[in-house]
Amino acid sequence: MKKIVITGSNGLLGQSLLDLFLGDKTYQIVALSRGESRYPIKDGYDYVDCDLTDFEKLQEIVLEKQPDYIINTAAMTNVDACEEYREECDEINVQLVEYLTSLSEKMNSHLIHISTDFIFDGKEGFYKETDQPNPLSYYGVSKLKSEQILEKSSINFTILRTILVYGKVHDMSRSNIVLWVRKMLLGEKEITIVDDQFRMPTYVKDLALACKTSVDKNAKGVFNVSSNTLLSVYEIAQQIAEVFELEAKYIKPISTSVLNQRAIRPSKTGFNLNKTQEVLSLELKSFKEDLQRFKEDIT
Ligand SMILES: NC(=O)c1ccc[n+]([C@@H]2O[C@H](COP(=O)([O-])OP(=O)(O)OC[C@H]3O[C@@H](n4cnc5c(N)ncnc54)[C@H](OP(=O)(O)O)[C@@H]3O)[C@@H](O)[C@H]2O)c1
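Criteria and thresholds
Throughout, residues of each chain are indexed from 1 in the direction in which the sequence is written. Given that the model is predicted, a residue must reach a pLDDT of at least 70 before its local features are reported, and side-chain atom pairs must reach 80 or more before they are shown or counted; all residues, however, enter totals for whole chains, interfaces and linings. A molecule or strand has a residue near it when that residue's C-beta atom, placed from backbone coordinates, lies within 6 Å of it. A run of H or I in DSSP becomes a helix once it reaches four residues, and a run of E becomes a strand once it reaches two; helices and strands are each numbered from the N terminus. For this classification, Asp, Glu, Lys and Arg are treated as charged, while Ala, Val, Leu, Ile, Met, Phe, Trp, Tyr, Cys and Pro are nonpolar and the rest, including Gly, are polar. Counting other C-beta atoms within 10 Å of its own, a residue is labelled buried from 20 upward, exposed at 12 or fewer, and partly exposed in the gap between, with every C-beta atom placed from the backbone. Pairing between two strands is assigned when DSSP locates at least 2 bridges connecting them. When the strands point away from the viewer and the connection leading from the first strand across the helix to the second strand turns clockwise, the crossover is called right-handed. We call two residues in contact when their backbone-placed C-beta atoms lie within 7 Å.

Novice: Account for the site of the ligand, naming residues and giving values.
Specialist: The immediate surroundings of the ligand are formed by 25 residues, with Gly8, Gly11, Leu13, Ala75 and Ser173 found nearest. Of all the elements in the fold, those that place two or more residues in the shell around the ligand are helix H1 (12-21) and strand S5 (110-116). In terms of residue count, H1 provides more of the shell around the ligand than any other element does, three residues in total. Among the residues making up the shell around the ligand, the classes are represented as 10 nonpolar, 12 polar and three charged.

Next up, the structure:
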């Protein structure tokens, strides 16, 4: 039996991982997040309420559990908040990873960590795992630092880089592009969406599956995980309208420059997915196909 600690189990990816692992009794799961568990099922795994910046408490729990794998999904993911609250961002996005790395060293555990397309400057797009990072935002800097901690360590690790993750789990602390656009269009509200930023959105179920496959195949190194089509965020919103059969006339294009956001976003990301498809054998599809699947899952 493989013992796995999942950090940030209340989050979008965290809960999606519980969905995936709990059905299979060959895994023993320990879920860590702060406050009460927001996952609706309470049996079949251990949940521990833990502020992950309380490193003493974290150490006590993790050393007691002695996991074979740690999947770290916890992060400060609000890009503008990371720009403003850098210390807080560092604590969870960098120091926690440093800490989990040293615990993994002690226990000989394999650490699976999630990173982002925001480590790139967005000048080229279709990034390979080996391309040169150059983050534009503090969030991107923090995630790159977390990657470098793993790269410099002697532990077994997997870094899964992903883009614009969406999906739906129970009692969510924040929304995502698909749920937000759908909600606004359902309410017949006009929305303005940038047409000069390009992304390959990721259905959270695929990201969760990539985590599980990394465990099952004991895959090590860096892997890209996203859908396989590069679209402007405006086109993404239009496809959401189309798949959910909502009026696209409420979606208005704007350019990034008028938004005045605190953090700078890369204009064109997107991944080359060859390595992931070959080594992890994951079938990554178009955004529209994934959306169709998401629609079926929630209706
Ligand atoms: N979402 C995206 O578009 C995106 C894109 C690229 C990469 N990623 C990466 O993917 C990973 C998973 O993201 P996600 O979308 O699942 O994020 P999420 O829904 O925000 O989940 C993160 C979880 O971490 C928890 N957490 C944060 N600080 C904590 C602390 N100090 N103690 C305990 N728990 C803490 C949060 O708790 P609360 O719910 O209580 O706040 C939340 O449940 C992250 O590493 C993120 O950087 C995400």
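Novice: Break down the pairing of S5 for me, with residues and values.
Specialist: Of all the seven residues making up S5, seven are buried; the element is thus mostly covered by neighbouring parts of the structure. Because side chains alternate across S5, one face comprises the buried residues His110, Ile112, Ile114 and Thr116, and the other comprises Leu111, His113 and Ser115, equally buried. Examined bridge by bridge, strand S4 (residues 69-72) and S5 share four bridges and lie parallel to one another. Bridge pairing in S5 links Ile70 to Leu111. Judged from the seven bridges that link them, S5 and strand S6 (residues 156-162) form a sheet pairing that is parallel.

Novice: Tell me about the pairing of strand S1 (residues 2-7), and please be specific about residues and values.
Specialist: Taken residue by residue, a regular strand's side chains alternate between the two faces of the sheet. Relative to strand S2 (residues 27-33), S1 is paired through six bridges, and the arrangement is parallel. Paired with Ile4 across the strands is Ile29, a residue of S2. The parallel pair S1 and S2 is bridged by H1, and the resulting crossover is right-handed. Relative to S4, S1 runs parallel, the two sharing four bridges. Bridge pairing in S4 places Val5 opposite Ile70.

Novice: So what's going on with the environment of Ile71? Which residues, and what values?
Specialist: Among the secondary structure elements, Ile71 is positioned in strand S4. Ile71 gets classed as buried once you count the C-beta atoms within 10 Å, which come to 29. Spatially, the C-alpha atoms of Ile71 and Ala31 are 9.7 Å apart, while their sequence positions differ by 40 residues. In contact with Ile71, other than residues within four places in its own chain, are Ile4, Ile6, Leu17, Ile112 and Cys211.

Novice: I'd like a rundown of unusual backbone geometry, residues and numbers included.
Specialist: Unusually for a residue other than glycine, Leu164 sits at a positive phi of about 35°. A positive phi angle, near 55°, is found at Glu188, a position not held by glycine. In this structure, Glu188 sits in the loop between helix H6 (177-186) and strand S8 (191-194). Of the residues examined, Glu188 has 10 C-beta atoms within 10 Å and is grouped as exposed.

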